[in-house]
Amino acid sequence: MTHATQEMHQYYAGRAPYYDAVYLKPERQQDIAWLREHLPQRLAGREVLEVACGTGYWTQHIAPVAQHMVATDANAEPLAFARQRPGVQQVHFTLADAYALGPELGQFDAAFAGLWFSHVPLERQAEFLHGLHQRLKPGARVLMIDNSTVQLQDFPIAETDAAGNTYQHRALRDGSVHRVLKNFPTEAQLRTLLAPMAQGVQFRALDNFWMVEYELA
Ligand SMILES: C[S@@+](CC[C@H](N)C(=O)[O-])C[C@H]1O[C@@H](n2cnc3c(N)ncnc32)[C@H](O)[C@@H]1O
């Protein structure tokens, strides 16, 4: 595990008990309400693999309409909260590194990742997607959502590395400060990245989030 990855793990482990505060921000309510309707609609009846599910905020909305759902995260702490959600009794929660999604997870006709892709270093984006796609059946549907640049008002970019990755310094309630890799891909960058592997790419910019949906080519 790289130092940056280790730091992010510690950060999300420490933040797990109050992570859900991000879903209470008043300025996000309209977008969240739309996503709570839209995401389950697009994943209904499917076998869904969720990557980096965290405390399971989106899992609880998708699981009731999914045919089958496996929700993964690299951290045990947020997963423990996810397991307590209402409506997730049928979900198989398991620890898994998003860069090493093994065949034991199964094969799926849909995938979802919420607020995860922004944490993938630029140089690992294609690797992550190829690994995810290996767990998917031909024509599978993939949905990802993430923060728009509005999030920078809370956490400005503190550093940029040689590869162009941007980092924020985030404080936890215990006072510890963590350096968190957080990229803000543009629609054009996502389209270029996805072009060789995806079809029917749809991008939607909400105020506080972006959403991309595509099917495996
Ligand atoms: C911003 S949270 C998103 C949680 C949830 N998907 C949501 O939308 O609320 C990012 C999550 O990524 C997880 N994570 C960090 N590194 C990971 C990795 N290499 N593989 C899988 N999950 C990872 C963290 O534990 C954390 O739960």
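What counts and what doesn't
Residues numbered from 1 in each chain as written. Predicted model: local features only at pLDDT ≥ 70, side-chain atom pairs only at ≥ 80, totals over all residues. Heavy atoms only, no water. Near = heavy atom within 4 Å. Polar contact = N/O pair within 3.5 Å; in protein donor to acceptor, adjacent residues only side chain to side chain. Areas by Shrake-Rupley, 256 points an atom, 1.4 Å probe, with all protein chains shown as cover. 1 Å grid on protein atoms, 1.4 Å probe; cavity = no way out; pocket = protein on both sides within 12 Å on 5 of 7 lines; lining within 4 Å. Sits in = over half its atoms within 2 Å of the grid points. Helix = DSSP H or I, 4+ residues; strand = E, 2+ residues; numbered from the N terminus. Nonpolar A, V, L, I, M, F, W, Y, C, P; charged D, E, K, R; others polar. Buried < 20%, exposed > 50% of the residue type's maximum accessible area, 1.4 Å probe, protein only. Arc of directions from axis to C-beta. Contact = heavy atoms within 4.5 Å. Phe/Tyr/Trp six-rings, centres within 6.5 Å; stacked < 30°, edge-to-face > 60°. Lys NZ or Arg CZ within 6 Å of the ring centre and 35° of its normal.

What to know about the site of the ligand
Then, in step 1: Within the structure, the ligand sits among 21 residues, and Tyr-23, Ala-52, Asp-73, Ala-98 and Gly-114 are positioned closest to it.
Then, in step 2: Measuring from a nitrogen atom of the ligand, one finds a backbone N or O atom of Ala-74 at 3.3 Å.
Then, in step 3: Within the side chain of Asn-75, an N or O atom sits 3.0 Å from an oxygen atom of the ligand.
Then, in step 4: For the ligand, whose free accessible area comes to 600 Å², the fraction covered by protein is 98%.
Then, in step 5: In a pocket analysis with a 2 Å cut-off to the grid points, the ligand is assigned to the largest pocket.
Then, in step 6: Looking at the shell around the ligand, the element that brings in the most residues is helix α1 (residues 3-15), giving three residues.
Then, in step 7: Among the residues making up the shell around the ligand, the classes are represented as 14 nonpolar, five polar and two charged.

Observations regarding helix α6 (residues 187-194)
Then, in step 1: Buried within α6 we find Leu-190, Leu-193 and Leu-194. Relative to the axis of α6, the buried residues are bounded by an arc of 90 degrees and lie together on one face. Residues Ala-188 and Thr-192 are exposed on α6 and point more than 90 degrees away from its buried face.
Then, in step 2: Residues of α6 that are buried sit in contact with α5 (125-134), β9 (198-205) and β10 (209-216).

As for the packing of aromatic side chains
Then, in step 1: This model, assessed by the stated rule, comprises eleven aromatic pairs.
Then, in step 2: Aromatic pair Tyr-19 and Tyr-23: ring centres 6.2 Å apart, planes at 65 degrees, arrangement edge-to-face. The two residues Tyr-19 and Tyr-23 agree in class, both being buried.
Then, in step 3: Chaining the aromatic ring pairs together yields one cluster made of Tyr-11, Tyr-12, Tyr-19, Tyr-23, Tyr-57 and Trp-58.
Then, in step 4: We note Arg-170 situated over the ring of Phe-155; from NZ or CZ to the ring centre the distance is 4.8 Å.
Then, in step 5: In this structure, Arg-173 is placed above the aromatic ring of Tyr-18, and the distance from its NZ or CZ to the ring centre is 3.9 Å.

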